[in-house]
Amino acid sequence: MLRWLVGGRVGPVWMWKALLFFVAIGFACQLLGVIFNKSMHTAGRSIFTSPDAQGPSLGSCQPHTHIMFLKTHKTASSTVLNMLYRFGEERDLRFALPLGYQLGYPLPFNAHRVKGYQSRGAMEYHIMGNHMRFNKPEVEKVMPADTFYFSIIRNPVALAESSFAYYKEVAPAFRKAKTLGDFADDPRKYYDPRLRNNHYARNLLLFDFGMDHNDNFSEALAQRAEKMIRQTFKLILVSEYFDQSMILLRHALCWPLDAVVSFSLNARQQKPSIPGGMSASWVGKVATAAGVAGKGGRSQAKTATNITEDQREKLRQWNALDWHLYKSFNQTFWEEIHRFGHPQMEEEVALLRMRREDLARVCLRDGGKPVEAHRIRDKNIRPYQSGLVKILGYELQPGLDNATRMSCLRMIRPEIQYKDVLDAKQFLRPLAAQPQPVQQNQGPMVAGSSLLRQDSPRTGGRLVGGEAGRRTVEEVERDWARSRSMRRNQTLIGEPDKG
């Protein structure tokens, strides 16, 4: 080409060499710029900022930011609380946090159990959701008048199975029984209403709602309890239909889709006896325990405890007040879905599950398979262990950018550690440096009135726990001493509170 140009006397050779050189440089720069801009755009665009994060349009409604969630026991409530924690933290909302880890439970709630509370109206609180025994007048001292109240319930038989596994060493009635089947066959043989922590063994839902769980069943009593709950709580979710519950909650609160997408937290390790080997997968757990209902509207949940149908019926009779609540609010739940529209519900549940799968692929190692706590490399996200069962957790995918990693971390951070993080932020305590572990045996830890143990070795220094906002050794030792005396308390402690 150059010879042709020179032969045609268009210009000197050096000029054309220089021109070709600069053209090549320009082309290379343009190509590199396209690649660089594409890579920067990909890296800067987190999955949490994609349009899918918002979900289907909710119209012109405004998100609720004054929320009270009654965190009932063994109902997937830890997963719901994680959603509230995430929503509030991302928007700098103020939480009504406990002094310890629970709001005075199992005593009826008192406003002064909220850290920093001074008097009615002195400070605006947005979200309340830690374990409490509900006491409406005291809650109203803390939360604004426009607060949205909601809770979650579970089939009392499945709840009893889970409670027996978690609280066997805490509730005397469970501790005396060899198996749940033995307890179901003759509950009164093991149950003494005057013993501390036996509330876990009978009508636990009613107890958490603040009512007398030891009363003998009568239709009038059950309807009165139901009426009291309906007067306060605008929405009652159903654990067996968790995904449908999240869609109803999203619309009630006017929240984006990602706010109600979750990974199952505080889940116990299941026996590998469920068909298909799904017990080790959070996907299987959620799909099984909260799957879309069939035409008859029945849950597809399976149970892991080997008890007979006769024993299940005995557990329903033993927890008759809870069974009434469950039947009534389950019916209301499906009436809500009917008003919402079954086709729309199926569509939005499918979107929620797809979004959960997408986030799991991005956030979680090994496709989101939960692992035992001691296998989690980051000790700050190891779940505390309670009772005789193993509580599973997750590991983050390596190599995430900072923004994505923080959003993913919020989704899997265990309840105890998350509360500590929020406490440190809200009360402006400096973040504690990570102590170096020393090889000593770790004693059981205490959160509120629940006994906890930690798989990681005891940390050095004067601070213990998960992350920022660790409790001092003195606080832990004081609470642990109190909890040990509670565990040893096999004697009668008088009539139970009539909250």
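Up top is the structure these notes are about.
Everything numeric here is computed off the predicted structure, so don't read it as measured data.

Student: Just checking my understanding: could you explain the packing of aromatic side chains for this structure?
Tutor: All chains considered together, the criterion is met by 22 aromatic pairs. Both rings, one in Phe 183 and one in Tyr 190, keep their centres 6.2 Å apart while their planes meet at 35°; by these two values the pair is tilted. We classify Phe 183 as buried; its relative accessible area is 1%. Put simply, the rings of Phe 164, Phe 174, Phe 183, Tyr 190, Tyr 191 and Trp 318 pair up and form one aromatic cluster. The ring of Tyr 166 carries the charged tip of Lys 74 above its face, separated from the ring centre by 3.1 Å. Its end group placed over the ring of Trp 323, Arg 316 keeps NZ or CZ at 5.5 Å from the ring centre.

Student: What is the right way to read helix 5 (residues 156–167) from this model?
Tutor: Given 3.6 residues to a turn, an α-helix orients residues that are three or four positions apart in the same direction. The buried fraction of helix 5 is high, at twelve of twelve residues. By the burial criterion, the buried members of helix 5 are Pro 156, Val 157, Ala 158, Leu 159, Ala 160, Glu 161, Ser 162, Ser 163, Phe 164, Ala 165, Tyr 166 and Tyr 167. Contact partners of the buried residues in helix 5: helix 6 (172–176), helix 7 (180–185), helix 9 (204–208), helix 13 (309–318) and helix 14 (320–340).

Student: Even after reading the chapter, I still don't get the pattern of salt bridges, so can you show me in this structure?
Tutor: Two side chains bearing opposite charge may form a pair once their charged atoms approach each other closely. Applying the stated criterion to the full structure yields 22 salt bridges. Notably, a salt bridge pairs Glu 161 with Arg 312, separated by 3.2 Å at the nearest N-O pair. You can see Glu 161 sitting in helix 5 and its partner Arg 312 sitting in helix 13, a full 151 residues away along the chain. The same class applies to Glu 161 and to Arg 312, which are both buried. Where Glu 348 meets Arg 250, a salt bridge forms, and the shortest distance between an N and an O atom there is 3.5 Å. Taken together, the residues span a long stretch of sequence, with Glu 348 in helix 15 (residues 342–363) and Arg 250 in helix 11 (residues 242–253) at a distance of 98 residues. Each of the two residues, Glu 348 as well as Arg 250, counts as buried.

Student: It is not clear to me how the state of the cysteines should be interpreted in this structure. Could you clarify?
Tutor: Cysteine pairs can be linked by a disulfide, which is a covalent bond between their two sulfur atoms. By the definition in use, this model includes two disulfides. Note that Cys 61 is cross-linked by a disulfide to Cys 254, the S-S spacing being 1.9 Å. Across the disulfide from Cys 61 to Cys 254, rotation about the S-S bond amounts to roughly 85°, and the bridge is consequently right-handed. Taken as a pair, Cys 61 in the loop between helix 2 (13–44) and strand 1 (67–70) and Cys 254 in the loop between helix 11 and helix 12 (282–289) lie far apart in primary sequence, 193 residues in all. We classify Cys 254 as buried; its relative accessible area is 9%. Here Cys 363 is linked by a disulfide to Cys 408, with a sulfur-sulfur distance of 2.0 Å. Across the S-S bond linking Cys 363 and Cys 408, the dihedral sits near -65°, which makes this disulfide left-handed.

Student: I would appreciate a short explanation of a nonpolar patch on the surface in the present structure.
Tutor: Residues Phe 21, Phe 22 and Ile 25 make up a contiguous nonpolar surface patch of roughly 330 Å² in combined accessible area. Tracing the chain through its elements places Phe 22 in helix 2. When its relative accessible area of 57% is taken as the criterion, Phe 22 is described as exposed.

Cut-off values and rules
Residues numbered from 1 in each chain as written. Predicted model: local features only at pLDDT ≥ 70, side-chain atom pairs only at ≥ 80, totals over all residues. Heavy atoms only, no water. Phe/Tyr/Trp six-rings, centres within 6.5 Å; stacked < 30°, edge-to-face > 60°. Buried < 20%, exposed > 50% of the residue type's maximum accessible area, 1.4 Å probe, protein only. Lys NZ or Arg CZ within 6 Å of the ring centre and 35° of its normal. Helix = DSSP H or I, 4+ residues; strand = E, 2+ residues; numbered from the N terminus. Contact = heavy atoms within 4.5 Å. Salt bridge = Lys/Arg side-chain N within 4 Å of Asp/Glu carboxyl O. Disulfide = S-S within 2.5 Å. Patch = residues over 30% accessible without salt bridge, like charges linked within 9 Å, V, L, I, M, F, W, Y side chains within 5 Å. Areas by Shrake-Rupley, 256 points an atom, 1.4 Å probe, with all protein chains shown as cover.

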